[in-house]
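Chains, contacts and geometry: an overview
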Amino acid sequence: MSSHRVLNQAPPLQDYDPLARDQVLEQALRREGAAWAADEIGAFARATAAKEMLALGFQANENPPRLRTHDRFGNRIDEVDFHPAWHELMRFSVANAVHCGPWRDPREGAHVARAAKMLLVSQTEAGHGCPISMTYSALPALQRQPDLLEEWAPRIVSLAYDGRMLPAAEKSGSLIGMGMTEKQGGSDVRANTTRAEPLGSGAYALTGHKWFCSAPTSDAFLVLAQAPRGLSCFLLPRWTPEGQRNRFHLQRLKDKLGNRSNASAEVELEGAWARLVGDEGRGVSTIVEMVNHTRLDCVIGAAAGMRQALVQAVHHCSHRSAFGRLLIEQPLMRAVLADLAIESEAATILMMRLARAYDRREQEGGFRRLGTAIAKYWVCKRAAPMVAEALECLGGNGFVEESILPRLYREAPLNSIWEGSGNVICLDVLRALQKEPQARDAVVTELHLARGADRRLDAAIDDAEARLASPDEAGARRLVESLALALQGSLLARHSPAPVSDAFCAARLRGDHGYAFGALPAGIDAGAVLERAWPTDK
């Protein structure tokens, strides 16, 4: 209408370079051993922020998957229909080896490069990252069973996405899912009641119910079941060796808070054919490294949501005016945005340091073991309140679906729940401290690399070490929180500009802070923090 003019609105945030605008990620990529991948990841990053790619993310979430248990003739088929946008997102990530990079090309820095890609594409759309992550994490478990590894590894490292419902041998690439959770157990997998009856030659028939099985259209699944000698790990394909659909029945799809583009199902196993992975009765030890890799991806996913929420808030405030000035020019809003930027940088820098430990498997096994649990707990916990604050920066504009913030907000709690909620992770930290003292020593050594850089950080390190001296279950959250903050502070002190590390130490370690984002102590250089978070010359 001629009377209607659109004023004071930010333009869409699209067709930009997310890597060039993210100095934290770009510098960490080079510092942690993946400089060789910088050009490749730069091109990948630009593709993730293209208008067309962002539209796929919206379409996949506006058109969630639909379950088809039977065909029109009444035959059981157990299939899920996805919107074409989902398949395009999957095709993009698979073609760029986000599901398999370190296994396909196991060079120094491969896990770091893959972590950067996962961070970038998760900002475009997080739901499709579930099958990508599970496939990436499956290889460490399959390494326990050489014959299965020989059969499945070539399919997993393929860069061809093949979403057809066919036996894996007839497809150009395969994806792996997981089915661990049961109604009665949750994270207590030893309480699983699914039974595994030996059929001979390493094959078993599995009968039971899996309460939460994400990406149920995968070509095979790693599942836990009770075999004669105890809880064991199995690889369960969607098709039997005879070319018949396995007795893997999808009962219903979960109606989830977030992650809505991705299908998660309840599954009934009725004598489903499966192969043993590792030793019978050693299921938990078989999946330990798999779980650690998925926990790394939880940290990546949380950091991705935090980064995307931050850039949406900064972009909006850079264009929106109120009371005669841009929002980003107003001191109170600058304090909020700077605080969000500090949180995002701390998450990203810890995540990338952790990814390097996965590249240095032998040298950094202790740090990887304990650092993964610490980062998984803290970074994932911080995502939900940070996304909520970023949404508020957009006001009513942030409360509508077109802004992407509601999707980020619904997604934010996921990574705190997946692969162990907060208490489970804290108990795992206590277990690691008791059984693997070298892991404790590795984390303390990492903390000490920044000794003397800042008196507030030194005090935080002392506090964390004091808590390590006498860990107890009731205080486990305080222990893990102190370790996480000290780790982030140590990394920021060594690798980030002084205004950022100083702000972190002042707002997170000294105790002189409020309880909401933006309640910063005096003296923070918000301008420098914001320029680093979203450079104006890029």
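Read on for an overview of the structure. Keep in mind that this is a model prediction, so the values were computed, not measured. (Residues numbered from 1 in each chain as written. Predicted model: local features only at pLDDT ≥ 70, side-chain atom pairs only at ≥ 80, totals over all residues. Heavy atoms only, no water.)

**Comments concerning the overall build of the chain**
In plain terms, the rule: Here a helix means four or more residues in a row that DSSP labels H or I, a strand means two or more in a row labelled E, and each is numbered from the N terminus. Atoms considered for the radius of gyration are the C-alpha atoms alone. The globule rule reads 2.2 Å times the number of residues to the power 0.38. Only protein chains enter the area calculation, which uses a 1.4 Å probe; residues under 20% of their type maximum are buried, those over 50% are exposed, and those in between are partly exposed.
Check the secondary structure of the chain and you find 19 helices and 11 strands. Against the 2.2 N^0.38 benchmark of 24 Å for 538 residues, the chain shows a C-alpha radius of gyration of 23 Å, consistent with a compact globule. Its C-alpha atoms give the chain principal-axis dimensions of about 70 × 70 × 40 Å. Buried residues in the chain amount to 59% of all 538 residues.

**Considerations on the nonpolar core**
So the rule is basically this: Nonpolar cores were defined as sets of buried Ala, Val, Leu, Ile, Met, Phe, Trp, Tyr and Cys residues, with membership established by side-chain atoms within 4.5 Å. Any two residues having at least one pair of non-hydrogen atoms within 4.5 Å are treated as being in contact.
If you look at the biggest cluster of nonpolar residues, it comprises 152 residues, and the most contacted ones within it are Leu206, Phe234, Leu337, Met352, Ile374, Cys393 and Leu405. In terms of residues, this core owes the most to one element, helix H10 (residues 331-359), which gives 18 residues. Residues in contact with Leu206, not counting those within four places in the same chain, are Arg195, Ala196, Val223, Ala225, Phe234, Leu236, Leu269, Glu270, Gly271, Ala272 and Ala274. Ranked by size, the runner-up nonpolar core spans 26 residues in total, among them Cys130, Leu139, Leu142 and Ala153.

**As for the pattern of salt bridges**
Using the following cut-off: Take a side-chain nitrogen of Lys or Arg and a carboxyl oxygen of Asp or Glu: if they are within 4 Å of each other, that pair is a salt bridge.
Evaluation of the coordinates by the stated rule reveals 44 salt bridges. Glu32 is the salt-bridge partner of Arg356, the closest N and O atoms lying 3.2 Å from each other. Within this pair, whereas Arg356 is found in helix H10, its partner Glu32 is found in the loop between helix H1 (23-31) and helix H2 (38-48), the two being separated by 324 residues in sequence. For Glu345, the salt bridge is made with Arg532, and the minimal N-O distance between the two is 2.9 Å. In this pair, Glu345 sits in helix H10 while Arg532 sits in helix H19 (residues 526-533), placing the two residues 187 residues apart along the sequence. The same class applies to Glu345 as to Arg532, namely buried. Through salt bridges with shared partners, one network takes in Arg31, Glu32, Arg353, Arg356, Arg360, Glu364, Glu446 and Arg494.

**Brief notes about unusual backbone geometry**
In this structure, Asn8 is a non-glycine residue whose phi angle is positive, near 60°. Along the polypeptide, Asn8 turns up in the segment before H1. The exposure class assigned to Asn8 is partly exposed, which follows from its relative accessible area of 33%. Even without being a glycine, Ala97 presents a positive backbone phi close to 60°.

**Some remarks on the packing of H10 against helix H11 (residues 365-393)**
Rules: An axis is simply a line fitted to the C-alpha atoms; with a helix, the fit covers only the stretch in contact. Between two such axes, the angle follows the N-to-C directions and lies from 0 to 180 degrees. Relative orientations are named as follows: roughly parallel for angles under 35 degrees, roughly antiparallel for angles over 145 degrees, roughly perpendicular for angles from 65 to 115 degrees, and oblique for any other angle. With the far helix as reference, a near helix turned anticlockwise by less than a right angle produces a left-handed crossing, and one turned clockwise produces a right-handed crossing.
Running from N to C, H10 and H11 point in directions that differ by 155°, and their axes come no closer than 10 Å. In terms of axis orientation, H10 runs roughly antiparallel to H11. Where H10 crosses over H11, the handedness of that crossing is left-handed. Facing H10, whose interface residues are Met333, Val336, Leu337, Leu340, Glu343, Ser344, Ala347, Leu350, Arg353, Leu354, Ala357 and Tyr358, H11 presents Phe367, Arg368, Gly371, Thr372, Ala375, Trp378, Val379, Arg382, Met386, Glu389, Ala390 and Cys393.

**A word on helix H15 (residues 437-448)**
Applied cut-off: Each helix should span, by expectation, one fewer than its residue count multiplied by 1.5 Å. Think of it as the arc spanned by the lines of direction from the helix axis to the C-beta atoms.
Between its terminal C-alpha atoms H15 stretches 17 Å, which fits the 16 Å expected from 12 residues at 1.5 Å a residue. Of the residues making up H15, those classed as buried are Ala439, Val443, Val444, Glu446 and Leu447. Down the axis of H15, the smallest arc covering the buried residues is 155°, so these residues share one side. Looking at the buried positions of H15, the neighbouring elements they touch are H10, H11, helix H16 (455-469) and helix H17 (476-495).

**Brief notes about the packing of aromatic side chains**
The following threshold applies: Stacked, tilted and edge-to-face are the three classes assigned to paired rings of Phe, Tyr and Trp, where Trp is represented by its six-membered ring and a pair needs centres within 6.5 Å; plane angles under 30 degrees give stacked, over 60 edge-to-face, the rest tilted.
Counting across every chain of the model gives six aromatic pairs. Centre to centre, the rings of Phe221 and Phe248 are 4.5 Å apart; their planes meet at 20°, and the pair counts as stacked. A residue pair is termed long-range when its members are at least 10 positions apart, and Phe221 in strand E6 (residues 220-227) and Phe248 in strand E8 (residues 248-253) qualify at 27 residues.

**Section: the side chain of Gln145**
Inclusion rule: Definition of a polar contact: a pair of N or O atoms within 3.5 Å, with one able to donate and the other able to accept a hydrogen when the atoms are protein atoms, and with sequence-neighbouring residues admitted only if both atoms are side-chain atoms.
Here Gln145 shows up in the loop between helix H7 (129-142) and helix H8 (146-156). In this structure Gln145 comes out as buried when scored by relative accessible area, which is 17%. Looking at Gln145, its side chain comes within polar contact range of the main-chain nitrogen of Gly278, at 2.9 Å. Each residue touching Gln145, except ones within four places of it in the same chain, is listed here: Leu276, Val277 and Gly278.

**A look at the environment of Arg494**
Along the chain, Arg494 falls in helix H17. With 106 residues separating them along the chain, Arg494 and Ala388 place their C-alpha atoms 30 Å apart. Discounting chain neighbours no more than four positions away, the residues touching Arg494 are Glu446, Leu449 and Ala450. Polar contacts involving the side chain of Arg494 include one to the side chain of Glu446, which spans 2.9 Å.

**Notes on the state of the cysteines**
Quick note on the threshold: Working definition: a disulfide is two cysteine sulfur atoms within 2.5 Å of each other.
The final tally for this structure, using the stated rule, is zero disulfides. The thiol of Cys213 is unpaired, and the distance to the nearest cysteine sulfur, on Cys130, comes to 9.0 Å. What makes Cys213 buried here is its relative accessible area of 1%.

**Notes on helix H6 (residues 110-124)**
Since the α-helix advances by 3.6 residues per turn, residues separated by three or four positions end up pointing in the same direction. Its 15 residues place the ends of H6 22 Å apart at the C-alpha level, agreeing with the 21 Å of an ideal helix rising 1.5 Å per residue. For H6, the tally of buried residues reaches 15 of 15 residues, placing the bulk of the element in the interior.

**Regarding the pairing of strand E3 (residues 176-179)**
The two faces of a sheet get side chains in turn, since along a regular strand they alternate between them. To be explicit about the condition: Here the rule is simple: two strands pair whenever DSSP picks up at least two bridges between them.
Where burial is concerned, the two faces of E3 agree: the one with Ile176 and Met178 and the one with Gly177 and Gly179 are both buried. The pairing of E3 with E6 spans four bridges and is classified as parallel. By the bridge assignment for E6, Ile176 is matched with Ala220.

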